[in-house]
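# Per-entry structural report
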Amino acid sequence: MKFSITGVNHKSAPVEVRERLAFDDIALSQALVALKGRPGFCEGMILSTCNRVEVALTCEENGNSAVAVDQFLADTRHVQREWVTPYLYHFEDSDAIRHLFRVAASLDSMVIGEPQILGQLKSAYSLAKEHDAVSGFMDALLTRAFSVAKRVRSETDIGANAVSISYAAVELAREIFGSLEGKKIMIVGAGKMSELAARHLRRSGAGQILVTNRTQERALEMVELFDGKLVDYTRFLSALPEVDIVISSSAAPHYIIVREDMKKVLEARRNRPMFLIDIAVPRNIEPTVNELDNVFLYDIDDLQRVIENNLQGRMDSAKEAEAIVHEEVERMMARLKAREVAPTIVKLQDELERMRATEVARMRTKLGALTPEQELAIEALTKSMINKIAHGPISEIRRQASQPDGHYIINAVRKVFRLD
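Residues numbered from 1 in each chain as written. Predicted model: local features only at pLDDT ≥ 70, side-chain atom pairs only at ≥ 80, totals over all residues. Heavy atoms only, no water.

## So, helix H9 (residues 192-203)
Just so we agree on the cut-off: Elements are defined by DSSP. Helices are runs of H or I of four residues or more, strands are runs of E of two residues or more, and each kind is numbered from the N terminus. What a helix is expected to span follows from its residue count: subtract one and scale by 1.5 Å. For every residue, the accessible area obtained with a 1.4 Å probe (protein chains only) is divided by the maximum for its type, and the residue is called buried under 20%, exposed over 50%, and partly exposed between those limits. In this analysis, two residues are considered to be in contact whenever any of their non-hydrogen atoms come within 4.5 Å of each other.
When the terminal C-alpha atoms of H9 are compared, their 17 Å separation across 12 residues agrees well with the 16 Å that a helix rising 1.5 Å per residue should span. All of the buried residues in H9 are Ser 194, Glu 195, Ala 197, Ala 198, His 200 and Leu 201. Along its buried surface, H9 packs onto helix H8 (165-177), strand E5 (185-188), strand E6 (209-212), helix H10 (216-226) and strand E8 (245-248). Gly 205 sits one or two positions beyond H9 and adopts a positive phi of about 110°.

Structure, rendered in structure tokens:
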């Protein structure tokens, strides 16, 4: 049996290629059925996300899984095989296991440490199980991959720091307020980035969301999305005293919140702290607002610096994670090699037992009638001798299983005892 992973990701193929090769839910089920019908197929799983499409396979030893997946993707995604091939990468055996563990641990993601890939991998595994495409070897391997990902998360800080604008905003808000429980948010300008920041803040415990926008139609969409409250754009400044966090991404060409406005707001709030996130370009909030006591203003560049620092932290953690993956791959390969030699050990034991039983039966005709005690003594003596003879070869087979050239010794043992 040969294990392989073949596919494309954000490093090997541009987005237009990944889009053509991606599977939706219906196509993925159909593809698994088609994959099971391929010559040499033993087990398989298809992982399809916005940044990668990978086919993991176990095939017969003499099969060519790289070519098989090449043609499989061309057939199922209705593209020319020659068009697919240049973008594909291919890993086999220990390299494929290392790649799988790295993917599960989010070391191969566009954003290192992002948590989504593990959930996507588990979903791909569940679907493959539903279609009876995964059973013995890959079942155990994928289960181990999930454990490796969990170990990386628990033993390193790879996922601890925010690496997106929206998550960075949440991280900074927590630093300022400690807990976000019940904090009120105002979204000024209903852009996508504001929506993401508000979504993450809400998940972190923030309370009501107020929405204001020049175009009321888009503001109403956001109000419905967050079960929020609409504020008239011409009067949003008067609502600021009740707000703890402001996310501003208006397309206005000038400052819509200035220092004098914020001085009045703070007076009305009795100087309770406010967190202002200005992710608009050009900026919506006058920079000198940050000079006021109890006002914490961050613009897009500030957030980007937070992200860069956090990315460096994740890169440092990634080194620790790579060491964990290396250790786990070595451990898995040792287990697989031990499993590979198990049939040889069983055959050796069976062959020695056959020889023992044959010789005992032959000698019985010469020894005549034996008492039960004598029968037991002969059985114990001959089995003890066979066990001592087998101990050396079996120990060496197990030791050689983990060695690079161990198969030469194992083959020699098989020839000596005529196990082939």
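## With respect to the pairing of strand E2 (residues 41-48)
In plain terms, the rule: Strands pair, by our definition, only if DSSP identifies at least two bridges between them.
By the criterion of burial, E2 is predominantly enclosed, with 6 of the 8 residues buried. Looking at chain direction, E2 and strand E3 (residues 52-59) are connected through 7 bridges and run antiparallel. The residue bridging Phe 41 from the neighbouring strand is Cys 59, located in E3. A loop of 3 residues connects E2 with E3, the two strands running antiparallel in sequence.

## Thoughts on the sheet that holds E2
Here is the rule we go by: Every axis in this analysis is a line fitted to C-alpha atoms, fitted for helices over the stretch in contact. Angles between the N-to-C directions lie between 0 and 180 degrees.
Pairing within the open sheet is antiparallel, and its 4 strands lie in the order E2-E3-E1-E4. What marks the edges here is a single partner per strand, and that holds for E2 and strand E4 (89-92). Averaged over neighbouring strand pairs, the angle between their axes works out to 15° when direction is ignored. In terms of strand pairing, strand E1 (residues 2-9) meets E3 through 8 bridges, oriented antiparallel. By the bridge assignment, Ile 5 is partnered in E3 with Ala 56. Those strands touched by helix H6 (residues 116-130) are E2 and E3, and its axis lies near 140° from that of E2. Packed on one face of the sheet, helix H7 (residues 137-155) meets E1, E2 and E3 and runs near 35° to E2.

Purely geometric numbers; function is a separate question.
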